[in-house]
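Given next are the chains, with one letter for each unit.
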Protein chains: 2
Amino acid sequence: MDINDLQTFLAVAESGSFSRAAERAFITQPAISKRIAALEAELGARLFDRVGRRIQLAPAGIALLPQARTILDGVGEAKRRIAALSRDIAGPLRLGTSYHVGLHRLPPALRQFYIAHPNVQLDLRFMDSEAACHAVEQGDLDLAVVTLPRGSNARLRREKVWDDPLEIVVAAAHPLAAARRLRLQALAEYPIILPVPGATTREIVLAALAPVRRNLRIGLETNYLELIKMLVSIGLGWSALPHTLIDGDLKVVQIEGISIVRELGVVTHAARTLSNAASAIIEAIRATK
Amino acid sequence: MDINDLQTFLAVAESGSFSRAAERAFITQPAISKRIAALEAELGARLFDRVGRRIQLAPAGIALLPQARTILDGVGEAKRRIAALSRDIAGPLRLGTSYHVGLHRLPPALRQFYIAHPNVQLDLRFMDSEAACHAVEQGDLDLAVVTLPRGSNARLRREKVWDDPLEIVVAAAHPLAAARRLRLQALAEYPIILPVPGATTREIVLAALAPVRRNLRIGLETNYLELIKMLVSIGLGWSALPHTLIDGDLKVVQIEGISIVRELGVVTHAARTLSNAASAIIEAIRATK
DNA sequence: GATTTCGATTTCCAAAGGTTATGGATATAA
DNA sequence: TTATATCCATAACCTTTGGAAATCGAAATC
C-alpha cells in the first residue's frame, strides 16, 4: 500500500469523482482507476460503488475514510518533524569539556549559545580530555571541547580552534628565576611537575622536552593544571603552563629552541550525523576564536 | 512513500541491522538498502548513521521512529476495520494465555472455536499473565486469556469470565492437616510457597493474607501453579491454590474470615478494533462460563 | 437520437523494485 | 598480523508496477 494510493482514495472520496481526483492530482484518470483498483484488491473490499456514471462510497470506503485521514496526518506530521530538524536548534546536547578549556576558553561561546538557543537542553560535563574523546567515540557525548589528542583516530573528527602555547615556568622566588638565559640541562636538575600519565598535555610537554627526557626528575603529578600552577608557585618544581594561568607568582623561562604548543578544539564522531544544536555550538565556538 | 518502506525502517531500527531486517521481511539485504535510501531521499534526511559495520539511528531516524509506529498502527487499524465489515471469521489470531488458564479453562472454548472456524490461523502462545497483558498493550497479541490484573490500565479492556477461588492447602500428611479449625497465626509458622514476585496471583494471595503478612515465611517461589501444588504436596510448605488443582494429596484448610478469589478472563486492547476471529473466540469463551 | 460525460480497458513505455554478484570496511578468530 | 566472516553499498540485470494515450461502453443530458 502506498501513501499515494491513500491520497488518491481521499481525493476521490472528497471530490466524488475519479476524473476530478485525476485533475487534482495532475495525473490521468486511468491512473486513478488503477490505484483505486489496487487498493481494493489489497484490502479485499470494494471502496466505491460505481452507480452508473457516478460513484458512491461503499461500506469499506466509509470505514477507510477517517483512517486514511489519520494515516495521512501521521505522514504529514512525520515529514514536518523531520523538516523541523533541519531548521530548529533544539533538543538535548551532551557536551564534554576538560577542566581547563571549560574554564578558560569555553565560557564566551557557551554564554552566547545559551542566550541564542534557549530550546537546547545543554548537558555539560567536565572530565579530562581523554575521557571526553572516549565518550564521543562511544556515542555518549555529542561533542567534546578539549585538548586535541595527538595520534590520529579515524573514528574521531578533530577541529583545532585554539593554539595554546605553553611556557616553561618556575616560581618567582626560584633560584633559576633570575637567569636571563637558561639551558635545558640546568632546568633538568630540578623536579618537573607534570599532568598525570595518559594526559595529552603531558605527552606534548614530554615530547618537547625530548632532549633531556632521560634526565627529567618527575616530582609530582596531578590531573589539574590549576593545581600544577599552585605547586610550581610555591616552589615545588617547574612545569609548562598556558598563558592564561601565568601570573606574578610565576616566572616564565625562555629556552633556546624549545617551544611547546598544544591544540585545543572540538572533537566529534566522524561517522555520526551532528544535531543542529551540535553544529550551532561548534559555530559559536569558532566565532570566539 | 510506501507503507513497506516504513515497515522496513521500523524493522531496521528495531533489529539494528539491515541484514536482520532483510531476513525478517523475507527479502534480500540490497532491497533493504534501497528502501532505506529511497526513504532518506524522500525525507531529505539521513535516517541511519552507518558507523563502520554497524548502524545507529540518526536524529531524523529518532524523530521518525514514533511516527512510523503511529502510521503503521493506523494502517493496521484500517485493515482490521475493513476486515471486520465482512462476516467471515478467518485470518490470523494471536492469542496469549497463562499456563494455568490455558490448561484448565481454555480447552473447551478452544476446541469449539477450532471446529467452528477452520479458516482462522490460531497462534496460541503460553506465557505468564503479566507478559500477555503487556503483549496485548504493545499490539503483539490480539487478546489474552489470563488472570486479570488488579490495577486499572486505561489501554486495556478487561472482561471477567471466571471467578477462581483459591483455597489454602497443606499436604495431606502435614501436621496441620488434622486440625478442624485453624487460626492464621498457626499457619504462618510454616513456610508459604508463592508465585514469583510480580505475578498477579501472588499479589492477590498476599493481599488476602494481610493480617499476618509481616510474619510470613516465604519458602519457595515458582512461576507455575502446578509446581506449587507439587511442592505443597510433598510437604515443603503451604499455599493457596484453585480448586482445579486440589486432589487427594492436599488438604484444604478453612480459615475464619479469609477468602481468596482471583478473576480469570479476557484482556484486549482498549483502542483497537477486534477482528471477527477475536470477537468469535471471546464469544466462545463466554459460552463456556 | 445525438452528444457529452464518466469510468473501464488496452497498449505502450518509463520507472521502480527486486535479485544476484561483487566490493570495501570492519569486527572477530587464528 | 593475517585470515575470515560479517555487514552495508553498488552495479548489472530483469520483472513488475504505474502512468499516458487512445478507445470503448454505459448513462445522463440536450
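Bear in mind that the values here come from a model prediction, so they are computed numbers and not experimental data.

*Asks:* Break down the packing of aromatic side chains for me, with residues and values.
*Replies:* Evaluated as defined, the whole model comprises eight aromatic pairs over all chains. Between Tyr99(A) and Phe126(A), the aromatic rings sit 6.4 Å apart at their centres with planes inclined by 25°, giving stacked as the arrangement. Placement of Tyr99(A) in helix α5 (residues 99-104) and of Phe126(A) in strand β4 (residues 120-126) is noted, with a sequence separation of 27 residues between them. Among the residues examined, Tyr99(A) registers a relative accessible area of 28% and is labelled partly exposed. The class of Phe126(A) is partly exposed, set by a relative accessible area of 39%. Aromatic side chains Phe9(B) and Phe48(B) sit 5.5 Å apart centroid to centroid with 45° between the ring planes, which places their arrangement in the tilted category. Of this pair, Phe9(B) sits in helix α1 (residues 3-15) while Phe48(B) sits in strand β1 (residues 48-51), and the two are 39 residues apart along the sequence. One aromatic cluster is present, built from ring pairs that chain together Phe9(A), Phe18(A) and Phe48(A).

*Asks:* With reference to specific residues and values, describe the protein's contact with DNA strand C.
*Replies:* Neighbouring DNA strand C are 18 residues; Ser19(A), Arg50(A), Thr28(B), Lys34(B) and Arg35(B) lie closest to it. In DNA strand C, the atoms that sit within 4 Å of the protein are 60% sugar and phosphate, with bases accounting for the remainder. The side chain of Gln29(A) places a nitrogen or oxygen atom 2.9 Å from a base nitrogen of DNA strand C. Within the side chain of Lys34(B), an N or O atom sits 2.6 Å from a base oxygen of DNA strand C.

*Asks:* Describe the packing of helix α1 (residues 3-15) of chain A against helix α3 (residues 29-43) of chain A, and please don't skip the residues or the numbers.
*Replies:* All names here are of chain A. Running from N to C, α1 and α3 cross one another at 110°; their axes reach a closest spacing of 9 Å. As the angle between them shows, α1 and α3 are arranged roughly perpendicular. Only Ile32, Arg35, Ile36 and Leu39 of α3 make contact with α1, whose side of the interface consists of Asn4, Asp5, Leu6, Thr8, Phe9 and Val12. Its residues assigned to classes, the contact of α1 with α3 shows six nonpolar, two polar and two charged.

*Asks:* Outline the environment of Pro59(B), listing residues and values.
*Replies:* One can find Pro59(B) in helix α4 (residues 59-85). In this structure the C-alpha to C-alpha distance between Pro59(B) and Asp49(B), which are 10 residues apart in sequence, comes to 9.2 Å. If we skip the residues at most four places from it in the chain, Pro59(B) touches Leu85(A), Thr273(A) and Ser275(A).

*Asks:* So what's going on with the interface of chain A and chain B? Residues and values would help.
*Replies:* For an interface, size is often stated in terms of accessible area lost upon the parts coming together. Across the contact, 25 residues belong to chain A and 26 residues belong to chain B. For the pair chain A and chain B, the two sides together bury roughly 2300 Å², of which 69% comes from carbon and sulfur. Considering only the side of chain A, the residues that lose the most area to chain B are Met1(A), Gln67(A) and Ile82(A), jointly responsible for 25% of the buried surface there. If you look at where chain A meets chain B, you find two salt bridges. For Lys79(A), the salt bridge identified is with Glu42(B), shortest N-O distance 3.7 Å. Taken together, the connections running from chain A to chain B amount to seven residue pairs in polar contact (both at pLDDT 80 or more). Elements supplying a minimum of two residues to the side of chain A that touches chain B: α3 and α4 (59-85) of chain A. Ranked by residues supplied to the side of chain A that touches chain B, first place goes to α4(A) with 14 residues. In terms of residue class, the side of chain A that touches chain B is made up of 14 nonpolar, five polar and six charged.

*Asks:* How would you explain α1(A) if you had to name every residue and give the values?
*Replies:* Here α1(A) spans 18 Å end to end across 13 residues, near enough to the 18 Å set by a 1.5 Å rise per residue. All buried positions along α1(A) are accounted for by Ile3(A), Asp5(A), Leu6(A), Thr8(A), Phe9(A), Leu10(A), Ala11(A), Val12(A) and Ser15(A). Those residues of α1(A) that are buried are in contact with α2 (18-25), α3, β1 (48-51), β2 (54-57) and α4 of chain A together with α1 of chain B. Immediately beyond the C-terminal end of α1(A), within one or two residues, lies Gly16(A), with a positive phi of roughly 70°.

*Asks:* Tell me what's going on with unusual backbone geometry, and back it up with residues and numbers.
*Replies:* Residue and element names in this part refer to chain A. Although it is not a glycine, Phe26 adopts a positive phi angle of roughly 55°. Turning to its location among the elements, Phe26 is positioned in the loop between α2 and α3. Overall, the relative accessible area of 77% leaves Phe26 in the exposed class.

*Asks:* Outline the domain arrangement of chain A, listing residues and values.
*Replies:* For chain A, the domain assignment lists domain 1 (3-85), domain 2 (91-161 + 264-287) and domain 3 (164-262). The gap between the C-alpha centroids of domain 1 of chain A and domain 2 of chain A is 48 Å.

*Asks:* Which residues make up the pairing of strand β6 (residues 156-171) of chain A, and what values do they have?
*Replies:* All names here are of chain A. Note that β6 and strand β11 (residues 260-269) share 10 bridges and pair antiparallel. By the bridge assignment, Arg158 is partnered in β11 with Val267. Pairing analysis gives four bridges linking β6 to strand β9 (residues 239-242), with the strands arranged antiparallel. Counted as the bridge partner of Glu167 is Leu241 from β9. As judged from the four bridges shared by β6 and strand β10 (residues 250-253), these two strands associate in the antiparallel manner. For Ala171, the partnering residue across the bridge sits in β10 and is Leu250.

*Asks:* Talk me through helix α6 (residues 107-116) of chain B; I want residue IDs and the actual numbers.
*Replies:* Residue and element names in this part refer to chain B. Of all the residues in α6, the buried ones are Ala109, Leu110 and Phe113. Seen end-on, α6 carries its buried residues on one side only, within an arc spanning 95°. Of the exposed residues in α6, those oriented more than 90 degrees away from the buried face are Arg111 and Ile115. As for α6, its buried residues are in contact with β3 (91-97), β4 (120-126) and α11 (276-287).

*Asks:* Give me the lowdown on the protein's contact with DNA strand D, citing residues and values where you can.
*Replies:* Residues in contact with DNA strand D amount to 17 residues; listed here are only the nearest, Thr28(A), Arg35(A), Phe18(B), Ser19(B) and Arg50(B). At the protein interface, 55% of the atoms of DNA strand D within 4 Å belong to sugar or phosphate. With respect to DNA strand D, the side chain of Gln29(B) contributes an N or O atom lying 3.0 Å from a base nitrogen. At four residues, α3(A) tops the list of elements feeding residues into the surface near DNA strand D. A class-by-class count of the residues in the surface near DNA strand D yields six nonpolar, six polar and five charged.

Criteria and cut-off values
Residues numbered from 1 in each chain as written. Chains lettered and ligands numbered in written order. Predicted model: local features only at pLDDT ≥ 70, side-chain atom pairs only at ≥ 80, totals over all residues. Heavy atoms only, no water. Phe/Tyr/Trp six-rings, centres within 6.5 Å; stacked < 30°, edge-to-face > 60°. Helix = DSSP H or I, 4+ residues; strand = E, 2+ residues; numbered from the N terminus. Buried < 20%, exposed > 50% of the residue type's maximum accessible area, 1.4 Å probe, protein only. Near = heavy atom within 4 Å. Polar contact = N/O pair within 3.5 Å; in protein donor to acceptor, adjacent residues only side chain to side chain. Axes fitted to C-alpha atoms, helices over the stretch in contact; angles between N-to-C directions. Parallel < 35°, antiparallel > 145°, perpendicular 65-115°, else oblique. Contact = heavy atoms within 4.5 Å. Nonpolar A, V, L, I, M, F, W, Y, C, P; charged D, E, K, R; others polar. Buried area = accessible area lost by both parts, 1.4 Å probe. Salt bridge = Lys/Arg side-chain N within 4 Å of Asp/Glu carboxyl O. Expected span 1.5 Å × (residues − 1). Domains from an automatic or database assignment. Pairing = 2+ DSSP bridges. Arc of directions from axis to C-beta.

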